[in-house]
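Listed here are the chains, written in short residue letters.
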Amino acid sequence: MTARRTPLLIQTAWYVLEYHRHHRCPHCTDSGWCQDVQIARTRITAWYRFRQR
Ligand SMILES: [Zn+2]
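Read on for an overview of the structure. (Residues numbered from 1 in each chain as written. Predicted model: local features only at pLDDT ≥ 70, side-chain atom pairs only at ≥ 80, totals over all residues.)

### Topic: the overall build of the protein chain
Then step 1. The number of helices and strands found in the protein chain is two helices and zero strands.
Then step 2. The C-alpha extent of the protein chain, read off along each of the three principal axes, is 40 × 20 × 15 Å.
Then step 3. For the protein chain, the residues scored as buried account for 6% of the 53 residues in total. (Helix = DSSP H or I, 4+ residues; strand = E, 2+ residues; numbered from the N terminus. Buried ≥ 20, exposed ≤ 12 C-beta atoms within 10 Å, placed from the backbone.)

Here's what the structure looks like:
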């Protein structure tokens, strides 16, 4: 995936996922669930579906 063709929203979503591989953000719960990660995954999934059409 080239960054030039990727919307900033999706780049940010990737960054959120990468960040959570090693860190926690203020939204993370003790059980490891995070709203930011859920939103980022949803965005990326929707983006891939859109591009495959
Ligand atoms: Zn988090």
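Let us keep going from here.
### Considerations on helix α2 (residues 35-52)
Then step 1. Under the 1.5 Å per step criterion, the end-to-end length of α2 is 26 Å for 18 residues, consistent within 8% with the ideal 26 Å.
Then step 2. Counted residue by residue, α2 has one buried out of 18 residues, so it is predominantly exposed. (Expected span 1.5 Å × (residues − 1).)

### Observations regarding the packing of helix α1 (residues 8-19) against α2
Relative placement of two packed helices is described by the angle separating their axes and the distance separating the axes.
Then step 1. One can describe the packing of α1 onto α2 by two numbers: an axis separation of 9 Å at closest approach and a directional angle of 135 degrees. Comparing the axis directions of α1 and α2 gives the class oblique. Every pair of crossing elements has a handedness; the one defined by α1 and α2 is left-handed. Each of Leu9, Ile10, Ala13, Trp14, Val16 and Leu17 in α1 lies in contact with α2, whose residues at this interface are Asp36, Val37, Ala40, Arg43, Ile44 and Trp47.
Then step 2. Residue classes in the contact of α1 with α2 are distributed as ten nonpolar, no polar and two charged. (Axes fitted to C-alpha atoms, helices over the stretch in contact; angles between N-to-C directions. Parallel < 35°, antiparallel > 145°, perpendicular 65-115°, else oblique. Left-handed = near helix turned anticlockwise from the far one by under 90°. Contact = placed C-beta atoms within 7 Å. Nonpolar A, V, L, I, M, F, W, Y, C, P; charged D, E, K, R; others polar.)

### Topic: the environment of Tyr15
Then step 1. One can find Tyr15 in helix α1.
Then step 2. Once the C-alpha coordinates of Tyr15 and Ala40 are considered, the two residues, 25 residues apart in sequence, prove to be 8.9 Å apart.

In short, geometric facts, not functional conclusions.
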